[in-house]
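Spelled out, the chains give:
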Amino acid sequence: MKKLLNRYISACILVTLLGTASCTKNFGDINTNPSVVSKPDVKFLLSYSEDKIITYQGTEWVWESMEQLMRFTQHVTSSPYEITNNVNTRYNIYYLQILPNLFEIRRQVDLMPDPDKAQYQKIKMVTYVLQALHGIKVTDMNGSMPYSQAIDGRYEGKYSPVYDEQQPLFDTWLTELDDAIKVLADNSLTNQVGYGQADIFYQSDWTKWVKLANTLKLRIAARLENADKAKCQAIFQQVMQDATGPIDEDAAQVKYMNSTYSPFGNSTDIDYRSRRYATTSIMKFLKGSNDPRLPVYFEKNDLIGSYKDTLTKYNVTLPAFINPVDPLIMYQGGPADWTTNPTVAFYIGNNFVASPYTKYNLISAINRKFFSPKLNQATGNFLDVPVTYAETCFYIAEFIQKGYAGAVNTKGTAQEWYNKGIASSIQTMNAIAIAAGSTTAFSGTGETEISNYQNNALVKFNGTNDLERIYIQQYLGLYRQPNEAYVFCRRTGYPKNSSVYYAREPFNELIPRRFWLTDPGEVNRANWTTAQQQQGFTLNAQDLPTLSSQRIWYDKTAPDFGKGN
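Rules behind the numbers
- In this numbering scheme, every chain counts its residues from 1 along its sequence in written order.
- Owing to the predicted nature of the model, reporting of local features is limited to residues with pLDDT of at least 70; listing and counting of side-chain atom pairs is limited to 80 or more, with chain, interface and lining totals taken over all residues.
- For side-chain calculations, the full set of non-hydrogen atoms in the structure is used, while hydrogens and water are omitted.
- A fitted line through C-alpha atoms serves as each axis, taken over the contacting stretch for helices, and the angle formed by two N-to-C directions is quoted from 0 to 180°.
- Secondary structure follows DSSP: runs of H or I at least 4 residues long count as helices, runs of E at least 2 residues long count as strands, and numbering of each begins at the N terminus.
- Throughout this description, any angle smaller than 35 degrees is read as roughly parallel, any larger than 145 degrees as roughly antiparallel, any in the 65 to 115 degree range as roughly perpendicular, and the remainder as oblique.
- Should the near helix be turned anticlockwise from the far one by less than a right angle, the crossing is left-handed, and should it be turned clockwise, the crossing is right-handed.
- By definition in these notes, contact holds between two residues if any of their heavy atoms fall within 4.5 Å.
- Pairing of aromatic rings covers Phe, Tyr and the six-membered ring of Trp, with a centre-to-centre limit of 6.5 Å; geometry is then stacked below 30 degrees between planes, edge-to-face above 60, and tilted otherwise.
- By definition here, charges over rings are those cases where NZ of Lys or CZ of Arg is within 6 Å of the ring centre and within 35 degrees of the ring normal.
- With a 1.4 Å probe rolled over the protein chains alone, any residue whose accessible area is under 20% of its type maximum counts as buried; one over 50% counts as exposed, and the rest are partly exposed.
- The pairing criterion for strands is at least two bridges between them, as found by DSSP.
- For each structure, a 1 Å grid was placed over the protein atoms alone; sets of points admitting a 1.4 Å probe that cannot get out are labelled cavities, open sets with protein on both sides within 12 Å along at least five of seven lines are labelled pockets, and lining residues have an atom within 4 Å of a point.
- Grid points are joined across faces, edges and corners, and a volume is the space filled by probe spheres set on the points.
- Residues are grouped as follows: Ala, Val, Leu, Ile, Met, Phe, Trp, Tyr, Cys and Pro are nonpolar; Asp, Glu, Lys and Arg are charged; all remaining types, including Gly, are polar.

A word on the packing of helix α4 (residues 42–55) against helix α8 (residues 121–142). Direction vectors running N to C along α4 and α8 enclose 15 degrees, while the axes themselves pass 11 Å from each other. Taken together, the axes of α4 and α8 are roughly parallel relative to one another. The handedness of the crossing between α4 and α8 is left-handed. Counted together, Val42, Leu46, Glu50 and Ile53 of α4 and Ile123, Val126, Leu130 and Leu133 of α8 form the full contact between these two elements.

Quick look at the structure:
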């Protein structure tokens, strides 16, 4: 199937759109070459785009998520490395391998005769949901981007698309999502042709597509809060009033698992350039709250088994930062920024020497099998859940707690949605761990472990810092969604520096608020220049002082990292 689809996609034209080459001379050949599929099966066109939304992230996990974003959010600590040109693959992939087939599905439907066309309306509207799903991620780090004219090069020979500003981009996606919801939820549209199993995400369960569309509207609402609070509130109320509503159960989450796909392969790419470890802050909270996700997220150190006997035999004392009577001594974190606590940071890259014959790793690494289930020829599978029920729950809990619901029926209190989010996060992380053949959070149903956690004094609503508790559980639940975690920390300023509940650690590095789009060449330089200048961006700048000081539109009034209200 992929061979057929790859033949069909005109990558040359789309490369031109991005301004990296000029292929217009081949346009006629592409449209007359007998080896090119001229009337594809629209069902398989969807499969290709859905697949690419997930599988392009192999390099993103290595170069961007592990090496950059997860350090900035302080989910992990590791050696700091420069930001390279290997980041921001989300941008090119949108135009090269996601949008083309979605546009082509709609074109093929529109070309159908009227009696047939009417049966393909829901197939058509699904494409807009996918466009928004990845488009939001692209604009998160790039701001203005081609959209309204993005595929004109393919169909009209126009290779200089305008860069749509971020505010109208969100307006467009909201309109397209609303239009999709209206059609997908319309039960009067009978005899609709479905994608069947070719729909990797939902197998043409239109109700689940509606739920996804509504959750994406909540994603947009959260991003708009600092720039347009009234619109954020209005979107939230609209979603809660929708007859179908957002994702409301684990079964409605977007899931993807392919036995041949693992972003880190079966090699040691998970440790590329540096192994990643738990930060002091996340470890302290996971241990203090007895979080069932602790063994899912992080590996044990070497302080297990008979280590005490060895320490006694050689009259050796553990470093002062380790409590010798800690029942969870096998889990330890290190400073998010090594320069702030070099004494502890020393043990991130070095063993603790107990004797000439015995050395111990003290700082807990990330659970590598959780992220890389085929490491060292293992046979686990990488289950990706890019849009979760937990994320949905925490948005709702957050907005209720902030008073955004007005008179709308939210179908539960902030605390109830909070608890649903916690339960779903733990269940989902456990499912990912099971698929990976990794350490799990629980066996059986997990009801006892989840209930105990929800009632832990550090977790349960207490009436004084409930919003912060929602924020921290949202933060912990985004461990496997690095982009969403980064956007969360950027928009809220949480975890915050001054918190007595869950404090962000001192961090002396500059953190980029955006990525960069370099000069696309003569074919579209004018539009690119206009867009960069309109946003206040320095042309072609890739240095951290610039990237950390220049912000995309919806981020301009957001707090600094760690400086949430």
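Evaluated as defined, the whole model comprises 35 aromatic pairs. Within the aromatic cluster, the residues linked to one another by ring pairs are Trp61, Tyr256, Tyr261, Phe264, Tyr297, Phe298, Phe370, Phe371, Phe382 and Tyr479. The cationic tip of Arg106 hangs over the ring face of Tyr128; the distance from NZ or CZ to the ring centre is 4.1 Å.

Here we take up the pairing of strand β1 (residues 254–257). Here β1 shows one buried face, formed by Val254 and Tyr256, and one open face, formed by Lys255 and Met257. Here β1 runs beside strand β4 (residues 383–387); their pairing, made up of three bridges, is antiparallel. Residue pairing across strands places Tyr256 opposite Asp384, the latter belonging to β4.

Using the criterion set out here, one finds three cavities of 30 Å³ or more in the structure. One number sums up the size of the largest cavity: a volume of about 250 Å³. For the lining of the largest cavity, the secondary structure elements donating two or more residues are α4, α5 (57–72), α8, β4 and α22 (482–492). For the lining of the largest cavity, the per-class residue count stands at eight nonpolar, five polar and six charged. The volume enclosed by the second largest cavity comes to roughly 70 Å³. With four residues, the top contributor of residues to the lining of the second largest cavity is helix α19 (residues 414–436).

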